[in-house]
Amino acid sequence: MKKPFLSALLIFSALFSSAQYSFDPKKLAQELKELSSSVMDGRKTGTEGNRKARVYIIDHLKQTGIERYVPNYEQPFSISQAGSLTDGTGGVNVLGVIPGKKKETIVISAHYDHLGSRDGKTYFGADDNASGTAALLAMAEYFKKNTPEHRIILAFFDAEEIGLRGSRYFVSATDLMKENIVLNINMDMVARGDKNELYVCGTYYHPNLKPAVESVPKFEGFKLLFGHDGPSSGEDDWTNQSDQGSFHAKKIPFLYFGVEDHPDYHRATDTFDKINQDFYAKSVETILQSVKALDRSLNQN
Ligand SMILES: [Zn+2]
């Protein structure tokens, strides 16, 4: 009599623990691992490794049934100014779209490029930013199955590491008014759980976005903190430190999710084995729930 009850209980608790995530955390970690593997060679803009990462992303979008926002999902752009690429090679953003119930659009973004290889070392960029890229793939899958209120553009930006070039091109090449872009949510470095802290930056400028993020269920031992924005943060102001800066420059509201710099930041040691997979899953779930809450609450008042 007791055994069936016990196995039912075990099955129930197994279901319950996996049910705390809106995606498969193992798949999420696996995709981060592949994007930060030596095959991708550090994903530097204009290189073969970067192209492989792009093919990987596009394949996943196709498998998920995500529509292209631009032909073949690719938005190429040239990089001509000094201090960046000198061989005339450009970058390529990858853009997909999920139709919503209304025309207003949220751009969810993550840069997929990193620093490549130099001096015999590969800069794998597991946290920066294979983590945001794999998170964006998980969100693509989730919002494909769960139709959002807003239309969602999924933006995998290139050339962030050489001055937010991909996102700068996107905001200049897109008619932001006509496309009804009302919010950017950017993810860059969301997997390192060194301090068990994830920051959300941007509510200093957009306090109206705060309640939605605050309403998100909290994980035990995981901290979501507001900050790194506005005058009081001084040198620690992250407003223009990643692609959200390009949207901010065009007066598009933004929220940026990321962790504080860690000892492996922009070093060859930013590798998959340093990722705290438990923290990563909680981080991505928290961001996904924030997107859902914002999607529901925006423009209602
Ligand atoms: Zn980055």
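See above for the structure.
Rules and cut-offs
- Residues numbered from 1 in each chain as written.
- Predicted model: local features only at pLDDT ≥ 70, side-chain atom pairs only at ≥ 80, totals over all residues.
- Helix = DSSP H or I, 4+ residues; strand = E, 2+ residues; numbered from the N terminus.
- Rg over C-alpha atoms; globule rule 2.2 N^0.38 Å.
- Buried ≥ 20, exposed ≤ 12 C-beta atoms within 10 Å, placed from the backbone.
- Contact = placed C-beta atoms within 7 Å.
- Pairing = 2+ DSSP bridges.
- Core = buried A, V, L, I, M, F, W, Y, C linked by C-beta atoms within 7 Å.
- Expected span 1.5 Å × (residues − 1).
- Axes fitted to C-alpha atoms, helices over the stretch in contact; angles between N-to-C directions.
- Parallel < 35°, antiparallel > 145°, perpendicular 65-115°, else oblique.
- Left-handed = near helix turned anticlockwise from the far one by under 90°.
- Nonpolar A, V, L, I, M, F, W, Y, C, P; charged D, E, K, R; others polar.

S.K.: Quick question: what am I supposed to make of the overall build of the protein here?
M.R.: A count of helical and extended segments in the protein gives 8 helices and 11 strands. For 301 residues, the compact-globule estimate of 2.2 N^0.38 gives 19 Å, and the protein sits close to it at 19 Å. For the protein, the C-alpha atoms occupy an extent of roughly 75 × 50 × 40 Å along the three principal directions. Burial status across the protein gives 46% buried among its 301 residues. For the protein, restricting intrachain contacts to residue pairs at least 6 apart in sequence, the fraction spanning at least 24 positions comes to 80%.

S.K.: What is the right way to read the pairing of strand E8 (residues 181–187) from this model?
M.R.: Across a regular strand the side chains alternate sides, sitting on one face of the sheet and then on the other. In terms of residue burial, E8 counts as a mostly covered element, since 6 of its 7 residues are buried. Bridge count for strand E4 (residues 105–111) against E8 is 5 bridges, and the pairing is parallel. Bridging from a neighbouring strand, Ile 106 pairs with Leu 183 of E8. In terms of strand pairing, E8 meets strand E11 (residues 254–258) through 4 bridges, oriented parallel. Of the residues in E11, the one forming a bridge with Met 187 is Phe 257.

S.K.: Just to check I follow, could you spell out the environment of Thr 133 for this structure?
M.R.: In this structure, Thr 133 sits in helix H4 (residues 126–145). Taking the C-beta count within 10 Å as the criterion, Thr 133 has 28 such neighbours and is therefore assigned buried. Residues Thr 133 and Leu 28 lie 105 residues apart in sequence; the distance between their C-alpha atoms is 9.8 Å.

S.K.: What exactly am I supposed to notice about the nonpolar core here?
M.R.: Side chains of a nonpolar character, in soluble globular proteins, are inclined to be buried together. Counting residues in each nonpolar core, the largest one holds 72 residues, and the members touching the most others are Ile 108, Ala 135, Leu 136, Leu 154 and Val 190. Filtering out sequence-adjacent residues up to four positions away, Leu 136 remains in contact with Ile 108, Ala 110, Leu 154, Phe 156 and Met 187.

S.K.: Which parts of the structure should I look at to understand helix H8 (residues 277–297)?
M.R.: Along an α-helix, a turn takes 3.6 residues, which lines up residues three or four apart on a common side. Taking 1.5 Å per residue, 21 residues should reach 30 Å; H8 reaches 30 Å between its end C-alpha atoms and fits that length. Buried residues dominate H8, accounting for 15 of its 21 residues. Just beyond H8, the residue with positive phi is Asn 299, at close to 65 degrees.

S.K.: For this particular structure, what's the right way to read the environment of Val 39?
M.R.: Looking at the element boundaries, Val 39 is found in the loop between helix H2 (25–35) and helix H3 (48–64). Along the backbone, Val 39 and Ser 290 are 251 residues apart, and their C-alpha atoms lie at a distance of 33 Å.

S.K.: I would appreciate a short explanation of the environment of Ile 108 in the present structure.
M.R.: The residue Ile 108 is located in strand E4 in this model. By C-beta crowding, Ile 108 is classed as buried, having 24 other C-beta atoms within 10 Å. C-alpha separation for the pair Ile 108 and Met 177, spaced 69 residues apart in sequence, amounts to 17 Å. Here Ile 108 is in contact with Leu 136, Met 139, Ile 152, Leu 154, Ala 155, Ile 185 and Val 291, once residues within four sequence places are set aside.

S.K.: Help me understand the packing of H4 against H8, please; the structure alone is not making it clear to me.
M.R.: The packing of two helices is summarised by the inter-axis angle and the distance between the axes. The geometry of H4 relative to H8 is characterised by a closest axis approach of 11 Å and an angle of 50 degrees between their N-to-C directions. When the interaxial angle is binned, H4 and H8 end up oblique. Handedness of the crossing formed by H4 with H8: right-handed. Counted together, Ser 131, Ala 135, Ala 138, Met 139 and Tyr 142 of H4 and Tyr 280, Val 284, Ile 287, Leu 288 and Val 291 of H8 form the full contact between these two elements. In the contact of H4 with H8, the residues fall into 9 nonpolar, 1 polar and no charged.

S.K.: Even after reading the chapter, I still don't get unusual backbone geometry, so can you show me in this structure?
M.R.: In terms of backbone geometry, most residues other than glycine have negative phi values and most peptide bonds are trans. In the segment running from Asp 128 into Asn 129, the intervening peptide bond is cis, with an omega of 0 degrees. With a phi close to 70 degrees, Tyr 73 is a non-glycine residue in the positive phi region. With phi around 55 degrees, Leu 164 is a residue other than glycine that occupies positive phi space. Residue placement: Leu 164 occurs in the loop between strand E7 (151–157) and helix H5 (165–173). For Leu 164, a count of 23 C-beta atoms within 10 Å translates into the label buried.

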